[in-house]
Amino acid sequence: MTRITSVSLRRVLDSRGNPTVEADVLTESGGFGRGAAPSGASTGEYEAIELPASESIAKAREHAVPRLEGVYAGDQRAVDNALRGADGTDDFSAIGANSAVAISMAAAKAAADVLGAPLYQHLGGAFRGENFPIPLGNVVGGGEHAKEATHIQEFLAAPVGAPSVSEAVFANAAVHAAVADVLDERGVPAAKGDEGAWAPPISDADAFEVVDEAVDRVEDEVGFEIRFGLDMAAAELYDDDAEAYVYGDETKSADEQIEYVAGLVDEYDLAYVEDPLDENDYEAFAELTDRVGDRTLICGDDLFVTNVERLQDGIDAGAANSILIKPNQIGTLSDAFDAVELAARNGYETVISHRSGETEDTTIAHLAVATDAGYIKTGTVGGERTAKLNELVRIADDAV
Ligand SMILES: O=C(O)[C@@H](CO)OP(=O)(O)O
Ligand SMILES: [Mg+2]
């Protein structure tokens, strides 16, 4: 094992053009790792705290860096415990989860570098599974990621029948292109949202038709099953005062929302529905899961925020049957692994995910392979999205 000799932090651009934190970790035997923090727009109420990049860097330099020097880079728990100890809060509000996650990922990469092993192998070990995640590809979106588009935040292609990860990745890109064709045929202009999905000014009902048509076309071309799913990001739709989900001029009570989503699952044979209900409503999540959980994944993102305590509450309540894993929601890779393990022990599927604000960092591709995750959600097109997808293709090709 080799000790960390230096941690340097800087501000770099994220895909929205905002400053984010990048960390470089060096070890005594010359190992090097670099990690950069992503950033959410539709952030959950219970996420770890992201501080302004400069403030987070200043605080981490003062409190965390001195504690990290001398820690074994390959002992990820020790690295992450040092980060937690330096911060001293439950939610990383002292140094910022953005510096914490950048350092945590950089240390893992430095350790992999020392070992001469790819990151997924260092994280997953010799006996990790041999499966590859199915990529969920955002092809139409709105909500907090694009104003004047759909109320539902993400319509996600799910190439569940793809024979390889590479074919799955290309199928999602083909669905993205087919959506552009269908919109064009309907005379609908479309810009792109934060994650590169089309952001057309159409109703949610029309978006279902467009995506369904695009998926059918590509399914015919490629000859394997492609379904689709949603991230409803319903906490963003929910109005606490009105106690209702707000879709422009229309509102839905929790019961109506459950009815609506269950109807969509059946009508469109949805493979996946993320955050269909408010992040505080475990009960409604449990009711929906009970109704449709045998035929689709009901995934908690803002509901669980990659947090084992919130996930345990969900398991106890029977809320959802899968969890979105975003390392920056909780602050360290160790915490993210704990959430994956708790999920796996309780039969919850795991979906490793990007954020709407991203960098070229490819850690989540390695994390998905290392943890044998069933799915990865990392967009479809755009450099910061294809960075992860292309890394997955390289991992499958043994070329990292
Ligand atoms: O809600 C989500 O799942 C994510 C990523 O798609 O969005 P954000 O990073 O804005 O929270
Ligand atoms: Mg989400």
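Quick notes on the rules
All residue numbers refer to position in the chain's written sequence, counted from 1. Written order decides the labels, with chains lettered from A and ligands numbered from 1. Restriction of local features to residues with pLDDT of at least 70 applies here, the model being predicted, together with a cutoff of 80 or more for giving and counting side-chain atom pairs; totals for whole chains, interfaces and linings are based on all residues. With hydrogens and water excluded, all non-hydrogen atoms of the structure serve as input to the side-chain values. UniProt positions are given in the numbering used here, feature names are shortened, and annotations may be inferred rather than shown by experiment. By definition, any uninterrupted DSSP run of H or I lasting at least four residues is a helix, any uninterrupted run of E lasting at least two residues is a strand, and each is numbered from the N terminus. With the radius of gyration taken over C-alpha atoms, the globule rule is written as 2.2 Å times the number of residues to the power 0.38. Each residue gets one of three labels from its accessible area relative to the maximum for its type: buried under 20%, exposed over 50%, partly exposed in between, using a 1.4 Å probe on protein chains only. Contact between two residues is taken to exist if any of their heavy atoms lie within 4.5 Å; hydrogens are not considered. Per-residue and other accessible areas follow the Shrake-Rupley method at a 1.4 Å probe size, with only the shown protein chains counted as cover for residues. For two strands to pair, DSSP has to find at least two bridges joining them. A fitted line through C-alpha atoms represents every axis, and for helices the fit uses only the stretch in contact; the resulting angles, taken between N-to-C directions, go from 0 to 180 degrees. Residues scored as charged are limited to Lys and Arg (positive) and Asp and Glu (negative), so that His and the chain ends carry no count. When a carboxyl oxygen of Asp or Glu is within 4 Å of a side-chain nitrogen of Lys or Arg, the pair counts as a salt bridge. The definitions used throughout rest on a 1 Å grid laid over the protein atoms alone, on which a cavity is an enclosed set of points accommodating a 1.4 Å probe that cannot get out and a pocket is an open set flanked by protein within 12 Å on both sides along at least five of seven lines; lining residues are those having an atom within 4 Å of a point. Among buried residues, those of type Ala, Val, Leu, Ile, Met, Phe, Trp, Tyr and Cys that are joined through side-chain atoms within 4.5 Å constitute a nonpolar core. Residue ranges labeled as domains rest on an automatic or database domain assignment. In this analysis a donor is any N, O or S atom within 2.8 Å of a metal ion (3.2 Å for sodium, potassium and calcium), and since water is not included, sites may seem incomplete.

In the annotation of an unreviewed UniProt entry, the entry for the protein chain reads Enolase, and the organism field reads Halorubrum miltondacostae. Checking UniProt for the protein chain, the heading Catalytic activity (unreviewed entry) contains the comment "(2R)-2-phosphoglycerate = phosphoenolpyruvate + H2O".

Trainee: Can you lay out the overall build of the protein chain for me, pointing to particular residues and giving the numbers?
Mentor: When you go through the protein chain residue by residue, the secondary structure sums to 15 helices and 16 strands. Relative to a compact globule of 400 residues, whose C-alpha radius of gyration would be 21 Å, the protein chain shows 20 Å and is just as compact. Taken over the C-alpha atoms alone, the protein chain extends approximately 60 × 45 × 40 Å along its principal axes. Per-residue burial over the protein chain gives 58% buried out of 400 residues. Long-range pairs, those at least 24 residues apart, make up 68% of the contacts in the protein chain between residues at least 6 apart in sequence. Surface accessibility of the protein chain: about 15200 Å² in total, with carbon and sulfur atoms responsible for 44%.

Trainee: Before we move on, can you summarise the sheet that holds strand S3 (residues 32-36) with the specific residues and values?
Mentor: Reading across from one edge, S1-S2-S3 is the order of the three strands in this open sheet, with antiparallel pairing throughout. The open sheet is flanked by strand S1 (4-13) and S3, the only strands paired with a single partner. Put simply, the sheet's adjacent strands are angled 20 degrees from each other on average, direction ignored. Of the strand pairs in this sheet, strand S2 (residues 19-27) and S3 are connected by five bridges, and their pairing is antiparallel. The residue of S3 that forms the bridge with Asp-24 is Arg-34. Across the face of the sheet, helix H1 (residues 53-63) comes into contact with S1 and S2 while running at roughly 170 degrees to S1.

Trainee: Report on the side chain of Asp-204, specifying residues and quantitative values.
Mentor: Secondary-structure assignment places Asp-204 in helix H7 (residues 204-222). The side chain of Asp-204 sits in the buried core without any salt bridge; Lys-252 is the nearest counter-charge, 8.4 Å away.

Trainee: Explain the UniProt feature "binding site: substrate" (unreviewed entry) in the protein chain to me, using residue names and the numbers behind them.
Mentor: Within this numbering scheme, the UniProt entry marks His-145, Glu-154, Glu-274, Asp-301, Ser-353, His-354, Arg-355, Ser-356 and Lys-377 as carrying the feature "binding site: substrate" (unreviewed entry). Lining the largest cavity, from the residues just named, are Ser-353, His-354 and Arg-355. The topology assignment puts His-354 in the loop between strand S15 (349-353) and helix H14 (363-370). Discounting chain neighbours no more than four positions away, the residues touching His-354 are Glu-195, Lys-326, Ile-364, Lys-377, Thr-378, Gly-379 and Arg-385.

Trainee: How would you sum up the sheet that holds strand S9 (residues 238-239)? Please name residues and give values.
Mentor: Spatially, three strands are ordered S9-S10-S11 in an open sheet, and the strand pairing comes out antiparallel. Of all the strands in the sheet, just S9 and strand S11 (250-252) have a single pairing partner and so form its edges. Relative to S11, strand S10 (residues 244-247) is paired through three bridges, and the arrangement is antiparallel. For Val-246, the partnering residue across the bridge sits in S11 and is Thr-251.

Trainee: If you had to explain the nonpolar core to someone new, which residues and values would you point to?
Mentor: Core analysis: the biggest nonpolar cluster contains 83 residues, and Phe-155, Val-175, Val-179, Phe-208, Leu-270 and Ile-352 have the highest contact counts within it. Looking at this core, the element that brings in the most residues is helix H6 (residues 165-185), giving eight residues. Two domains share this core, each providing at least three of its residues, namely domain 1 (4-116) and domain 2 (134-396). Leaving out residues up to four positions away in the same chain, Leu-270 has contacts with Phe-208, Arg-227, Phe-228, Gly-229, Leu-230, Leu-264, Val-265, Arg-295 and Thr-296. Within the second largest apolar cluster, 29 residues are counted, among which are Ala-53, Ala-60, Ala-102 and Ala-106.

Trainee: Please set out unusual backbone geometry residue by residue, giving values where relevant.
Mentor: We note that Glu-243 has phi near 50 degrees; this positive angle belongs to a residue other than glycine. Looking at Glu-243, the relative accessible area reads 57%, which means it is exposed. In this structure, Val-305 is a non-glycine residue whose phi angle is positive, near 40 degrees. Of note, Val-305 is situated in the loop between strand S13 (297-300) and helix H11 (308-317).

Trainee: Quick one: what's the story with the coordination of the magnesium ion (ligand 2), residue by residue and with numbers?
Mentor: Distances from the magnesium ion (ligand 2) to its protein donors, namely Asp-231 (OD), Glu-274 (OE) and Asp-301 (OD), fall within the range 2.0 to 2.2 Å. Sequence spacing of the donors to the magnesium ion (ligand 2): D-x42-E-x26-D. Within this pair, whereas Asp-231 is found in strand S8 (residues 227-231), its partner Glu-274 is found in strand S12 (residues 272-274), the two being separated by 43 residues in sequence. The pair Asp-231 / Glu-274 is uniform in exposure class, with both members buried.

Trainee: Outline the pairing of strand S4 (residues 134-141), supporting the account with residue identities and numerical values.
Mentor: Of all eight residues that make up S4, seven are buried, and the element is covered over most of its length. Sheet analysis places S4 next to strand S16 (residues 375-377), joined by three bridges and oriented parallel. Across the sheet, residue Pro-135 finds its bridge partner in S16, namely Ile-376. Note that S4 and strand S5 (residues 154-158) share four bridges and pair antiparallel. Pairing of Val-140 across the sheet is with Phe-155, part of S5.

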